[in-house]
Every structure is written in structure tokens, then in C-alpha cells.
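What follows is the residue order along each chain.
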Amino acid sequence: MIRHLITAIALAAPVAGFADGLDLRPVAQDVWAIVGPLEQRNPQNLANNATFGLVVTPEGAVLMDAGGSWQGAEELHAVIRSVTDQPVTHIINTGGQDHRWLGNSYWQGQGATVIASQAALADHHAREQEHMIALTQFLGEGLEGTEPAYADVTFESDYRLEVGGYGFDIMHRGAAHTAGDSFVWLEARDVMFTGDIVYVDRLLGNGPARDTDSWIAVFDEMAAFNPAHIVPGHGGPTDLPTATRDTRDYLVNLRAQIGALIEAGGDIMQVPSIDQTPWQDLAQFDALAGRNAQATYEEMEWE
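Note that the coordinates shown come from a computational prediction; the quantities given were computed from them, not determined experimentally.

This part is about the overall build of the protein chain. Each helix and strand counted, the protein chain has eight helices and 13 strands in total. Scaling as 2.2 N^0.38, a compact globule of 303 residues should have a C-alpha radius of gyration of about 19 Å, and the protein chain matches this with 18 Å. For the protein chain, the C-alpha atoms occupy an extent of roughly 60 × 50 × 35 Å along the three principal directions. Relative to its full complement of 303 residues, the protein chain shows a buried share of 56%.

Below, the structure is given as C-alpha cells:
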């Protein structure tokens, strides 16, 4: 009871807003969420349309995810400087999307060590050109200075980082939104940083991994820690019931509805008829619901 009351207080705490659309929200002692907008990438948000985690220790700060561009990373640094003078010593790339890693070169220039799963690193290499071409269109001059740079430390499934008395357990358990997604458990503060394994406030996108079965299994591995606080990949800091509703339940519904359609002999032309209305109030629903249904059909028809 006390644990969930503390969670509610943290989620209701005042928000510090910044000109580029980043909001700084306290989560627990020494822990913040830097919450980007729920919109598409654009020159104003510099591809920081995601949520980032920050932990400040006596020996430096640890940032979950690098930002979507060099200039985006610089904007993240400005937010971090509003709460600490400590240098950012480590960046954890939690997955393969651009906002998780394309700011790496900025942070490495500041002396930070970048950590990622081997699967995420492979995804970065595989989709580097795709990301840069797309961001040229989305950001224009906002992409200037961005050079793809890769993790200094990689791991297959588990990595333990210790900084300033805090232990960060970084775990890759399979594909979720991208092939290399990891979650980060900060046991000392009962906080889970999930990257794109969890979406709240906006509808998730089924891709690019297109493995919803694995995504559900990875979510369950994360949820087994029963964290009091979750810093998601998109949306504000939250709790496990909300993360379950907005992410896991949505994925389960997608698979159930598409599975029933396939079992009944339906084809892709009938996909738009599946019921996703329980999630229609989430941001980006109109843009993504149809695409998610089609992607899930294409995924499941070969299972």
C-alpha cells in the first residue's frame, strides 16, 4: 500500500518543461524521466519523441538512451544540467530505434561509455542508413552534426553496471519493438526502465521486429520484477497496471483478434474490421491502429 502511494505521489509531482518539448519528471530519489512529445519526429523535437531515464549518482549520471540526433542529445544534456552538475558517465542504448542511439557520438565526445545488447548493436548497423535517410526528411537541418556511433560495451543477455553505489541490471530477453530491446532494473529505487518494451499514453507500433509473441514474453519477463515505478519508452512515468493495459493487453488483443480472423479463413482485406476501440483514446491511435493490425496479420499468417 505504501509503495503504491509513493508511486502515485511521484507520478503527480510537478513537471519542469523545456522549450523543445521535453518534460522533466521526478520518479524516485535520484531518478527522473525525461519525457518527449508523443508526436512524430520533426525539426522541433529533434527525434527526441520518446522517453528517457536519468539516474544521478555521486560518481556521475547514467542516461537511458542517447537521443535521436546529435542536437537532440545536446538538448537532453541541457535538461540534465538543470538537476545536476555531475557528468554523464554512461549511456544505455535500450533498443534499436533512432532515439535510442543516434545521439551516441555526442555523449562519447563528452567522455561517456555507451552500453548496448549485441542484438541492438546489430540492429544499429543494419538500419543505420534507413534511419539517416528518414531523419533527413523529418529533421532537415536538425540532423546536422549527427554521425552514427556504436556502443563501447556490448553483452548477449545480461550486464551489470555499478556507478556511485547504484547497480543497474541490464537484460535482453528477446525481440520486442525492435530486435535488441533491453530493460534496466534499478532495484535500489524499485524502478524499471523499459525502453520500447512499454508504451503508455500513445499507441505502440508493431515494428520493426514484428514479433508480437516475443514482445509479450519479454514484457512478462520485465513484469516479473513487479516494479513500483516504470519509466517507459514512450509516455510519462507509470506503474505496472497501466503499462500492462496500454502495452501487453493491446498486444494480446491484436494477436487474439487476428488469430481468430485467420482461423475463420479471413484475409488481409478484413483486417481493418478488428476491434481495437478499448485503446482508441491513446495518442496516435488513428495513425497506427490499422498498420498494427496489418503487420500482425502478416506476422501471424506464417506462424
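Inspection of every chain in the model, using the stated rule, returns one cavity of 30 Å³ or more. Considered as a void within the structure, the largest cavity measures approximately 40 Å³ in volume. Sorting the residues of the lining of the largest cavity by element identifies β4 (51–57), β12 (191–199) and β13 (229–234) as the ones contributing at least two each. The residue makeup of the lining of the largest cavity, split by class, is five nonpolar, five polar and two charged.

Topologically, arginine 127 is positioned in helix α5 (residues 118–139). Overall, arginine 127 belongs to the buried group, its relative accessible area being 10%. Polar contacts involving the side chain of arginine 127 include one to the side chain of glutamine 97, which spans 3.0 Å. For arginine 127, the contacting residues outside a window of four places in its chain are Gly96, Gln97, Thr178 and Pro208.

This part is about the pairing of strand β7 (residues 113–117). The buried fraction of β7 is high, at four of five residues. Two strands pair when backbone bridges link them, and strand β6 (residues 88–93) and β7 are joined in this way by four bridges, in the parallel orientation. Within β7, the position partnered with histidine 90 by the bridge is threonine 113. Between the parallel elements β7 and strand β8 (residues 153–155), the chain passes through α5 in a crossover that is right-handed.

Further remarks concern the layout of surface pockets. Vacant regions in the atomic arrangement are exposed by a probe of water-molecule size rolled over the atoms. Taken as a whole, the largest pocket encloses approximately 690 Å³ of empty space. If you trace the largest pocket, you find 29 residues lining it, with Gln40, Arg41, Gln97, Leu288 and Arg291 closest to the centre. When contributions to the lining of the largest pocket are tallied by element, the ones reaching two or more residues are α3 (98–101), α5, β12 and α8 (285–300).

Turning to the sheet that holds β12, a few remarks are in order. Within the open sheet, the five strands sit side by side as β9-β10-β11-β12-β13. Their pairing is mixed. This sheet does not close on itself; its edge strands, each paired only once, are β9 (158–163) and β13. With strand direction ignored, the average angle separating the axes of adjacent strands in the sheet is 25 degrees. In this structure, strand β10 (residues 166–172) lies alongside strand β11 (residues 182–186), joined through four bridges in antiparallel fashion. Bridge pairing in β11 links isoleucine 170 to valine 184. Here helix α7 (residues 240–263) sits on the sheet in contact with β12 and β13, set at roughly 10 degrees to β12.

Pairing of side chains with opposite charge becomes possible as their charged atoms draw close. The tally for this structure, following the rule as stated, stands at 14 salt bridges. Linking arginine 100 and aspartate 196 is a salt bridge whose minimum nitrogen-to-oxygen distance equals 2.6 Å. Of this pair, arginine 100 sits in helix α3 while aspartate 196 is found in strand β12, placing the two residues 96 residues apart along the sequence. You can call arginine 100 buried: its relative accessible area is 0%. A salt bridge links aspartate 158 to arginine 173; its shortest N-O distance comes to 2.7 Å. You can see aspartate 158 sitting in strand β9 and its partner arginine 173 sitting in the loop between β10 and β11, a full 15 residues away along the chain. Overlapping salt bridges, with partners in common, bring together Asp65, Arg100 and Asp196 in one network.

All right, on to the nonpolar core then. With 35 residues, the main nonpolar core has Ile197, Val198, Leu203, Phe219 and Met222 as its most contacted residues. Elements that contribute at least two residues to this core include exactly β11, β12, α6 (212–223), α7 and α8. With seven residues, the single largest contributor to this core is α7. Excluding anything up to four places from it in sequence, leucine 203 contacts Tyr250, Trp279, Leu282, Ala283, Gln284, Phe285, Leu288, Ala289 and Asn292. Membership of the second largest hydrophobic core comes to 24 residues, among which are Ile34, Ile80, Ile91 and Trp107.

Cut-offs and rules
Residues numbered from 1 in each chain as written. Predicted model: local features only at pLDDT ≥ 70, side-chain atom pairs only at ≥ 80, totals over all residues. Heavy atoms only, no water. Helix = DSSP H or I, 4+ residues; strand = E, 2+ residues; numbered from the N terminus. Rg over C-alpha atoms; globule rule 2.2 N^0.38 Å. Buried < 20%, exposed > 50% of the residue type's maximum accessible area, 1.4 Å probe, protein only. 1 Å grid on protein atoms, 1.4 Å probe; cavity = no way out; pocket = protein on both sides within 12 Å on 5 of 7 lines; lining within 4 Å. Points joined across faces, edges and corners; volume = space filled by probe spheres on them. Nonpolar A, V, L, I, M, F, W, Y, C, P; charged D, E, K, R; others polar. Polar contact = N/O pair within 3.5 Å; in protein donor to acceptor, adjacent residues only side chain to side chain. Contact = heavy atoms within 4.5 Å. Pairing = 2+ DSSP bridges. Right-handed = clockwise from strand over helix to strand, strands pointing away. Axes fitted to C-alpha atoms, helices over the stretch in contact; angles between N-to-C directions. Salt bridge = Lys/Arg side-chain N within 4 Å of Asp/Glu carboxyl O. Core = buried A, V, L, I, M, F, W, Y, C linked by side-chain atoms within 4.5 Å.

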